[in-house]
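# Structural overview
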Amino acid sequence: KGKTLREAVEVVLQEVPEYQVPSGGFRYFKESYCPPCPYLSAYTMYTLKRAHDAGYKIDPKVIDRGKGFLRSVLDWKDVDWTYPYNEYAKLTTKAFCLYSLALWGESEAGYASRLFKQREKIPIFGKVLLLKAGRILKMGKGFETNRQLF
């Protein structure tokens, strides 16, 4: 009550590290013993980037650990995702990780190319995230205009 929007956002942003686990991922509940959620982690890193760009102070250690976690998710193959992710959800989550990393200036162009080869299995939302990452990573017009993407 009586706080400005900016002050309210700052309070929320100060709590974010409490949801981060040592591996750099984020979980839904502070007190949870559950492992981090890859989709939530990609979304949190996306949100932190938007806040950073709006002038909010974000702890660089939180960002570095978060980027490390998202990079590790890109390499997951036979990992237990701890939630019933199907193949479509896994690919979409990886596209979101790729996009969030690209927003933070992390170039994973090689992974974007590999994910692009699996585009027929990716739902539309994942394809949009992949396309946005490709643009940031300057993957070229062939990547953006490829009619096979959609």
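One structure accompanies this document, and this report is about it. Along each chain, residues carry numbers from 1 onward, in the same order as the chain's sequence is written. In keeping with the predicted nature of the model, local features appear solely for residues at pLDDT of at least 70, side-chain atom pairs appear and are counted solely at 80 or more, and the whole-chain, interface and lining totals rest on all residues. With hydrogens and water set aside, each side-chain value is computed from the structure's full complement of heavy atoms.

### Focus on a nonpolar patch on the surface
Candidates for patches are residues over 30% relative accessible area with no salt bridge; among them, like charges are joined within 9 Å and nonpolar side chains (Val, Leu, Ile, Met, Phe, Trp, Tyr) within 5 Å. Accessible areas in this description were obtained via Shrake-Rupley with a 1.4 Å probe; residue shielding takes into account the shown protein chains only. One side-chain nitrogen of Lys or Arg within 4 Å of one carboxyl oxygen of Asp or Glu is enough to make a salt bridge. A contiguous nonpolar surface patch, about 270 Å² in accessible area, is contributed by Ile124, Phe125 and Val128. What counts as a helix is a DSSP run of H or I of at least four residues, what counts as a strand is a run of E of at least two, and both are numbered from the N terminus. Within the secondary structure layout, Phe125 lies in helix H6 (residues 124-136).

### Focus on helix H5 (residues 109-116)
The classification of residues rests on relative accessible area computed with a 1.4 Å probe and restricted to protein chains. Under 20% of the type maximum is buried, over 50% is exposed, and intermediate values are partly exposed. Those residues of H5 that sit buried are Tyr111, Ala112, Leu115 and Phe116. In an axial view of H5, the angular spread of the buried residues amounts to 140°, which keeps them on one side of the axis. Working definition: the arc comes from the directions between the helix axis and the C-beta atoms, pointing outward to the latter.

### So, the packing of aromatic side chains
For Phe, Tyr and Trp, where Trp contributes only its six-membered ring, two rings pair if their centres lie within 6.5 Å, and the inter-plane angle classes them as stacked under 30 degrees, edge-to-face over 60, or tilted in between. Taken as a whole, this structure holds 7 aromatic pairs when the rule is applied. Between the aromatic rings of Tyr39 and Phe96, the centroid separation amounts to 5.2 Å while the plane-to-plane angle is 65°, which identifies the pairing as edge-to-face. Highlighted residues: Tyr39 in helix H2 (residues 38-53) and Phe96 in helix H4 (residues 87-103), separated in sequence by 57 residues. Among the aromatic residues, ring-to-ring pairing joins Tyr39, Tyr43, Tyr46, Phe96, Tyr99 and Phe125 into one connected group. In this structure, Arg6 is placed above the aromatic ring of Tyr56, and the distance from its NZ or CZ to the ring centre is 3.9 Å. For a lysine, the NZ atom is tested; for an arginine, the CZ atom; a charge sits over a ring if that atom is within 6 Å of the ring centre and within 35 degrees of the ring normal. The side chain of Lys49 reaches across the aromatic face of Trp104, ending 5.0 Å from its centre.

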